[in-house]
Structures are given as structure tokens and as C-alpha cells.
Number of protein chains: 2
Amino acid sequence: MNKIEKEISNGLQVLPAFPLVLVTVAQNIMPAAGFHFYSFAPQPSVMVGIMPEHQTCSLINSYREFGINLPTKEQIEIVRVCGSTSGKNEDKYRLSGVTPFKGKHIASYLIAECPVNLECSVVYEIPYPGSHRWFIGQVQAVHVAPEYSRDQALTYWSKEFRSMGEVLALR
Amino acid sequence: MNKIEKEISNGLQVLPAFPLVLVTVAQNIMPAAGFHFYSFAPQPSVMVGIMPEHQTCSLINSYREFGINLPTKEQIEIVRVCGSTSGKNEDKYRLSGVTPFKGKHIASYLIAECPVNLECSVVYEIPYPGSHRWFIGQVQAVHVAPEYSRDQALTYWSKEFRSMGEVLALR
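Residues numbered from 1 in each chain as written. Chains lettered and ligands numbered in written order. Predicted model: local features only at pLDDT ≥ 70, side-chain atom pairs only at ≥ 80, totals over all residues. Heavy atoms only, no water.

(A) Looking closely at the environment of I29 of chain B. Residues and elements named next belong to chain B. Relative to the elements of secondary structure, I29 occurs in strand 4 (residues 28-32). The exposure class of I29 is buried, given its relative accessible area of 0%. For the pair I29 and I78, spaced 49 residues apart in the sequence, the C-alpha separation amounts to 10.0 Å. Apart from residues no more than four positions distant in its own chain, I29 is found in contact with L22, V23, T24, C82, K92, Y93, S96, V98 and I111. (Helix = DSSP H or I, 4+ residues; strand = E, 2+ residues; numbered from the N terminus. Buried < 20%, exposed > 50% of the residue type's maximum accessible area, 1.4 Å probe, protein only. Contact = heavy atoms within 4.5 Å.)

(B) Layout of the pattern of salt bridges. Inspection of the entire model under this criterion finds 12 salt bridges over all chains. Two residues, E5 of chain B and K104 of chain A, come together in a salt bridge whose shortest N-O distance is 2.7 Å. Pair noted here: E5 of chain B is in strand 1 (residues 4-6) and K104 of chain A is in the loop between strand 8 (100-102) and strand 9 (109-111), and the two residues belong to different chains. Residue classification places E5 of chain B among the partly exposed residues on the basis of a relative accessible area of 38%. On the basis of relative accessible area, K104 of chain A is assigned to the exposed category, the value being 64%. Across the salt bridge formed by R162 of chain B and D151 of chain A, the nearest N and O atoms sit 2.7 Å from each other. Linking R162 of chain B in strand 13 (residues 160-170) with D151 of chain A in the loop between strand 11 (133-144) and strand 12 (154-157), this pair reaches from one chain into another. (Salt bridge = Lys/Arg side-chain N within 4 Å of Asp/Glu carboxyl O.)

(C) A look at the interface of chain B and chain A. Taken residue by residue, the interface counts 86 residues in chain B and 86 residues in chain A. Overall, the association of chain B and chain A removes approximately 7900 Å² of surface from exposure, summing both partners, and the carbon and sulfur fraction of that is 65%. On inspection of chain B and its partner chain A, the count reaches 48 residue pairs in polar contact (both at pLDDT 80 or more). Across the side of chain B that touches chain A, the residue classes break down as 53 nonpolar, 18 polar and 15 charged. Bridge analysis of strand 11 of chain A against strand 1 of chain B gives three bridges, and the strand direction is antiparallel. When the bridges of strand 1 of chain B are listed, H143 of chain A appears paired with E5 of chain B. (Buried area = accessible area lost by both parts, 1.4 Å probe. Polar contact = N/O pair within 3.5 Å; in protein donor to acceptor, adjacent residues only side chain to side chain. Nonpolar A, V, L, I, M, F, W, Y, C, P; charged D, E, K, R; others polar. Pairing = 2+ DSSP bridges.)

(D) Quick peek at unusual backbone geometry. Residue and element names in this part refer to chain A. With omega at -5°, the peptide bond leading from A41 into P42 counts as cis. Within the fold, P42 resides in the loop between strand 5 (35-39) and strand 6 (45-50). Within the chain, R64 stands out as a residue other than glycine whose phi angle is a positive 55°.

(E) The relation of the copies chain B and chain A, seen in detail. With an RMSD of 0.0 Å, the fit of chain B onto chain A corresponds to turning through 180° and sliding 0.0 Å along the axis. Classification of the inter-copy transformation places it as that of a two-fold axis. Closest approach to the rotation axis within chain B is made by the C-alpha atom of G165 of chain B, at a distance of 1.8 Å. When the interface residues of chain B are mapped onto chain A, 100% of them again lie at the interface, so the same face is used by both copies. (Least-squares fit on C-alpha atoms with pLDDT ≥ 70 in both.)

Functional significance is not addressed by these values, which are geometric in nature.
In C-alpha cells form, the structure reads like this:
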């Protein structure tokens, strides 16, 4: 297979899409594609990568916790609104019309309209430098709407919002 | 929206799908869903999470490098074959019928049949403990087949292989 060598940062644009999440801290909301699991055991944990100029990065630093909220593919408009302004100036719950939902383990709000919410306590910040700061959060609780299916999820990469694709095979 | 609280490790199974990659080190191949970018600047880098019992983990430790190869949705069988046996006992290139492809910056082989290949040098291992060991790799080169589109990518989570979904909107 013939290939061309791409300039490296443009080359990263070629990756598949990643889950798009809404990160909530205190009363702020920020969309992020920098999200993954970190560990399944002994303590299930996830990680989130945030650029330091975002208010969310300062808030995670102060509150040592965050919520992960999974929007559905019908909720792109909420994502757009929350991604187009800074929480320094605006109450994004009010602006995007979503409802604050209080979990059991963290003080920060979650988003009632998102069908999946994770409550996470920061246990580590990855010290290796880069464009993003990555925080590892131990998952304290997972709230799921009973009717939720992965088919409803929203993904993002390289300026494209996408739905989930079809199941091709089971492992 | 009514929600139920899930047992936490089962709760993580509810996440959307992540890009499925084939990690190559030396002459070994391993499928992984634990893959993400780490930083865009100053040095574009990615990270990969591997369980320590896998041969790939020892190999990354020794070689301090890895290749990331993106299979297409038509290449699930290659993924299955490489995921069903250990490189301790088998030459997975031979077993899965793929062709070793030598990059420019790392000694490890890449996979010729995968339309995207990243050559990565390990610059950091995240010391926070867990089920997976996460290695950050500075991207040294990106090789892309000119006809490749993200539409061909393969994703995986919670025992499901999926295709990419349709583009819903542009940012």
C-alpha cells in the first residue's frame, strides 16, 4: 500500500473519532474529546485532557474533582453552546438550557439531560508537559439512564461530530 | 431523566467506542483500545495503555518505542488473530498474513496493510498505578495512504467492534 508521509501535527488529524464528553466542574461545563479510561482495577479510573487556558483546568485544579457527562447525538447544540464561550463570563447551564444534577460523591454539578454521568475525584495529574493537562479521576459513581444505548453516543475529531457506527462483530 | 446507579466497573462498559489500533513493537502485534493523543505541541504525542501481562508491555519497556497502525473495518480478522494469541509463542505477522513495513525513525516494524502508521518514541511512562501501563510516545512520523478516510476506521469497546458513524455536523 502506497503511503505519503504527513507533517506530524496534521498527521494526528487523521485519527478516528473519540467519544465526546461534557466535563463539569463546580457550575461550569466544557466539551472535550480528550477523554479515556485509565484503569479498570483496583479502582476504576478515567482521564481527561484539558488545555490550561480553559477555566475548566483551573477549576479541576481547585476542586480536585470533575463530572463526565455523555451527550447524545441529538445534543450537539448543547455541546456547541458550551464550547463557544468561557465559563469565566457565562453560566453555561443557563446558557445551554440544561439542568444541574447533584451526584452523591462530588460537590460539582452533573448534567441531568445527559444519559450517563460519572462522578470522579482527581487522584493524579500527569506531570509530563504538553498542550493539554491530563487529570486522572477515580470513578466514584456511574449514573445511567436505563434506556441508554451506545448507539446514541456522540464522537468528535478534527472538526467533525459523528454518530456511533454499526456493530460489525462481537469479540 | 431517571437514572440508575451502576456498579462502577460495569459502569465503565457503558462508554462509547474508542479507536482500535494495532500496536507494533519489534516484530510483535497487539490490538488495543487504550489509545489517545496526549499533546499536540510542542511535540505531537500519543499514549497507549497496555496490561503488564502482555508481551507488548515488556517489549515497549525494552525497545522504548512503538508503532501505531490503524486497521480498517475490513481488517477485523487481522485484529482477531493478533488478539487471540501471545507474541511469546507466535510470529503474528506470519499468523495474520500481514507484511512488515519498516519506518524511518524506529526499528520496530509497522504493518504495510494498515492505511495509517505512526512511528513513536517513548518519552514517558505514567507512574500512577492501575490495570494498564500507559506509555507516552512522541510521534516521529505519520504515514497515510492517500485514499484513506476516517470512514474506514474501526472502533471497539465492551466486546463490540464498530464502524465509524456518519458525520452529523462540522464544528
